[in-house]
Amino acid sequence: MPYDLGATARLTAQCRDPGGTLTDATTVQLTITLPDGTTTAPPVTNPPAVTGTYTVDYLTEQSGRHTLRWQFTGPGHAYTDVLDVSLPQLPAILSLADAKAQINVTSATDDDEVRFWNNATTYAVEHFVGPVTVRQVTEVHDVGVTDRLSLRRVPVLGAPDLVPVLDGGTAYAAAELDVDLATGIVRRKDGGLMRGPLRATYPAGRRFVAENISGAARLIFQHLWRTQRPGRSGGLAGGGDDYSVTEPIPGLGYAIPNRAMQMLDPDDLPPGMA
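An account of the accompanying structure is given in this report.

Thresholds, definitions, all that
- Residues numbered from 1 in each chain as written.
- Predicted model: local features only at pLDDT ≥ 70, side-chain atom pairs only at ≥ 80, totals over all residues.
- Heavy atoms only, no water.
- Salt bridge = Lys/Arg side-chain N within 4 Å of Asp/Glu carboxyl O.
- Helix = DSSP H or I, 4+ residues; strand = E, 2+ residues; numbered from the N terminus.
- Buried < 20%, exposed > 50% of the residue type's maximum accessible area, 1.4 Å probe, protein only.
- Pairing = 2+ DSSP bridges.
- Axes fitted to C-alpha atoms, helices over the stretch in contact; angles between N-to-C directions.

## A few points about the pattern of salt bridges
- Per the stated rule, a full pass over the model turns up nine salt bridges.
- For the salt bridge of Arg115 with Asp4, the shortest nitrogen-to-oxygen distance reads 2.5 Å. Separated by 111 residues along the polypeptide, Arg115 in helix H2 (residues 111-129) and Asp4 in the segment before strand S1 (8-14) bring together distant segments of the chain.
- Taking the relative accessible area as the measure of exposure, Arg115 reaches 32% and is therefore partly exposed.
- Among the salt bridges present, the one from Glu126 reaches Arg135, with a minimum N-O distance of 2.8 Å.
- Judged by relative accessible area, which is 6%, Glu126 ranks as buried.

## Some words on the sheet that holds strand S7 (residues 135-141)
- Pairing is antiparallel in the open sheet, where three strands are placed in the order S7-S14-S10. A single partner strand is all that each edge strand has here, and the edge strands are S7 and strand S10 (161-164). Between one strand and the next, the sheet's axes are offset by a mean angle of 20°, whatever the strand orientation.
- As judged from the four bridges shared by S10 and strand S14 (residues 198-204), these two strands associate in the antiparallel manner. Opposite Leu162, over in S14, you have Ala200 as the bridge partner.

## Comments concerning the pairing of strand S12 (residues 185-188)
- Two elements, strand S9 (residues 149-150) and S12, share two bridges in a ladder whose sense is antiparallel. Bridging from a neighbouring strand, Leu149 pairs with Val186 of S12.
- With three bridges joining them, strand S11 (residues 177-179) and S12 adopt antiparallel strand pairing. Looking across to S12, one finds that Asp178 is bridged to Arg187.
- In this structure, the hairpin formed by S11 and S12 is closed by a connection of five residues, where Gly184 is found at a positive phi of approximately 80°.

## Structural notes on unusual backbone geometry
- A cis geometry characterises the amide bond from Val154 onward to Pro155, with omega recorded as 5°.
- Tracing the backbone shows Pro155 in the loop between S9 and S10.
- Cis geometry is adopted by the peptide bond preceding Pro197, which originates at Gly196 and carries an omega value of 5°.
- Along the polypeptide, Pro197 turns up in the loop between strand S13 (194-195) and S14.
- The phi dihedral of Ala49 is positive, around 60°, even though this residue is not glycine.
- Among the secondary structure elements, Ala49 is positioned in the loop between strand S3 (39-40) and strand S4 (53-59).
- Taking relative accessible area as the criterion, Ala49 reaches 86% and is therefore assigned exposed.
- Of note in this structure, Asn104 is not a glycine but carries a positive phi near 55°.

Encoded structure:
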């Protein structure tokens, strides 16, 4: 499960002899290859009275996939693992408290897993209705001469700044442009043409999240939790049919309950915008 950028990840490894028995090694080294290709070898600790088990508390500094290479000698043993670190996380549609309330969980024991599925829920909802959490979007429009651009991440919250991709091109400031917030269509206010290719930067998302969107997020989150944690609080026991998915959703298979889809219908993206 991904760690937040800046969090400390406790990395654990076990050394085993050729017969599979835990045993203390003569030397242990962990080499971490960061997403940018650099490496680091933090000190490794053997907890007292825990045979063959080694830990490293690693403070994450980069987002992305890290490769972990554990090397033991005496006996010789080695293996490779991975560590994922999230991008600075956009807020989820549901707060942690709201997600836990939906599945009737009060303890903090499963908070990391709740946050994981809550974030997955946000991506699922935004697949259908576009950005919900507010963010800055940057995208390239490979156009020639045109009187309009269609921004891809709607709804948008303001006109974009347009800068040329190629040397010698023309930039267009947000103040010079008009944008339809619902469709993302951008035009110059003076009616002139724009010359590309252009890189657009603009705010997208919703300042207010309507109840049908947050309600659908609750249903999707609960469905994902129930299918992963049968028999636990909020699990499948006692009423699985209530969240049954009887028809696959294009692009998401059986991950989305039908009732959640119905709640999202009023805010579905126009054709070709998904």
